[in-house]
Amino acid sequence: MVSEYLKQNTAEYHDAAEKLFNSEKIFNKTFTLEDYKKIIHTNYLMLLHSEDKIFNSLSDKYAEKLQLEERKKLSLIEKDLESLSLDNQAVSHPLEFENEHEALGAMYVIEGSTLGGNVIAKQLSKTEGFDEVTFNFFGCYQENTGPMWKNFKEFLDTEVKEENYNEVLSGAKKLYTFLLNVN
């Protein structure tokens, strides 16, 4: 299953992202609003540079199965930027996906950030100093977070053949590398 393959082969990137964003501070309630601004800004840059490219790389036959319209997050994170008084930016870094499989790998990273983001939103909503924060991006699927993730993983595992696993992994690594180096 490609979802397991991705999880195993991107673990070091996932761990590096958690370290970059000081994730341990979220759970010991020492995460600050400045920490949150950093995580939102970085995720915004990731979405700004990748979301349209990913969606444009995917064939129409996948759009319905993946519920692509419901998975768009750039406008949501832009609302978070506004509420945090952070500026929108223009695309400034080259980021390309060679094919549909790389786009699916990049989408894996974004959908995974949504899954983790739901946990972050729940935890921070109980943390002092986050009373006024809107979690548009991290709370985008609300109670549907689990089903949306499951649907995405099932899609990957059904549609991606083993000979394409490395291309999907390549897309995931591209986006993780971008995320870890964009600041």
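Residues numbered from 1 in each chain as written. Predicted model: local features only at pLDDT ≥ 70, side-chain atom pairs only at ≥ 80, totals over all residues. Heavy atoms only, no water.

- As annotated in an unreviewed UniProt entry, the chain carries the name Heme oxygenase and comes from Chryseobacterium joostei.

**Some thoughts on the environment of Glu82**
Working step 1: Mapped onto the elements of the fold, Glu82 is located in helix H7 (residues 74-83).
Working step 2: Note on Glu82: relative accessible area 64%, which makes it exposed.
Working step 3: Spatially, the C-alpha atoms of Glu82 and Lys37 are 11 Å apart, while their sequence positions differ by 45 residues. (Helix = DSSP H or I, 4+ residues; strand = E, 2+ residues; numbered from the N terminus. Buried < 20%, exposed > 50% of the residue type's maximum accessible area, 1.4 Å probe, protein only.)

**Details of the packing of aromatic side chains**
Working step 1: Applying the stated criterion to the full structure yields 10 aromatic pairs.
Working step 2: When the ring of Tyr5 is compared with that of Tyr165, the centres are 5.2 Å apart and the planes differ by 40°; the resulting orientation is tilted. With Tyr5 in helix H1 (residues 2-9) and Tyr165 in helix H10 (residues 165-181), this pair connects stretches of sequence that are 160 residues apart.
Working step 3: Taking relative accessible area as the criterion, Tyr5 reaches 22% and is therefore assigned partly exposed.
Working step 4: Taken together, a centroid distance of 5.6 Å and an interplanar angle of 75° make the contact between Tyr36 and Phe135 edge-to-face. (Phe/Tyr/Trp six-rings, centres within 6.5 Å; stacked < 30°, edge-to-face > 60°.)

**A look at the packing of H1 against H10**
Working step 1: Where H1 contacts H10, the two axes come as close as 10 Å, and the packing angle between them is 45°. Judged on the interaxial angle alone, H10 and H1 are oblique. Read as a crossing pair, H1 and H10 show a hand that is right-handed. Here Val2, Tyr5, Leu6 and Asn9 of H1 come into contact with H10, specifically with Tyr165, Asn166, Val168, Leu169, Ala172 and Lys173. (Axes fitted to C-alpha atoms, helices over the stretch in contact; angles between N-to-C directions. Parallel < 35°, antiparallel > 145°, perpendicular 65-115°, else oblique. Left-handed = near helix turned anticlockwise from the far one by under 90°. Contact = heavy atoms within 4.5 Å.)

**Thoughts on empty space enclosed by the protein**
Gaps left between atoms are located by rolling a probe of water-molecule size over the structure's atoms.
Working step 1: Taken as a whole, this structure holds 1 cavity of 30 Å³ or more when the rule is applied.
Working step 2: Of the voids in this model, the largest cavity is the one considered here, and its volume is about 30 Å³.
Working step 3: Taken together, Glu51, Phe55, Arg71, Lys73, Met107, Ile110 and Glu111 make up the lining of the largest cavity.
Working step 4: Taken together, the elements giving at least two residues each to the lining of the largest cavity come down to helix H4 (33-57) and helix H8 (100-124).
Working step 5: It is H8 that contributes the most residues to the lining of the largest cavity, 3 residues altogether. (1 Å grid on protein atoms, 1.4 Å probe; cavity = no way out; pocket = protein on both sides within 12 Å on 5 of 7 lines; lining within 4 Å. Points joined across faces, edges and corners; volume = space filled by probe spheres on them.)

**Let's talk about the layout of surface pockets**
Working step 1: The space that makes up the largest pocket amounts to roughly 710 Å³.
Working step 2: Taken together, 29 residues form the lining of the largest pocket, with His14, Glu18, Gly112, Ser113 and Gly116 sitting closest to its centre.
Working step 3: Those elements giving two or more residues to the lining of the largest pocket turn out to be H1, helix H2 (11-20), helix H3 (23-27), H4, H8, helix H9 (145-159) and H10.
Working step 4: Sort the elements by how many residues they give to the lining of the largest pocket and H8 lands first, with 8 residues.
Working step 5: Residue classes in the lining of the largest pocket are distributed as 16 nonpolar, 8 polar and 5 charged. (Nonpolar A, V, L, I, M, F, W, Y, C, P; charged D, E, K, R; others polar.)

**Topic: the nonpolar core**
Working step 1: Core analysis: the biggest nonpolar cluster contains 56 residues, and Tyr36, Ile40, Ile54, Leu58, Leu66 and Leu156 have the highest contact counts within it.
Working step 2: Counting residues per element, the ones that place at least two in this core are H1, H2, H4, helix H5 (60-66), H7, H8, H9 and H10.
Working step 3: Not counting chain neighbours up to four residues away, the residues in contact with Leu58 comprise Leu66, Leu68, Glu100, Ala103, Leu104 and Met107. (Core = buried A, V, L, I, M, F, W, Y, C linked by side-chain atoms within 4.5 Å.)

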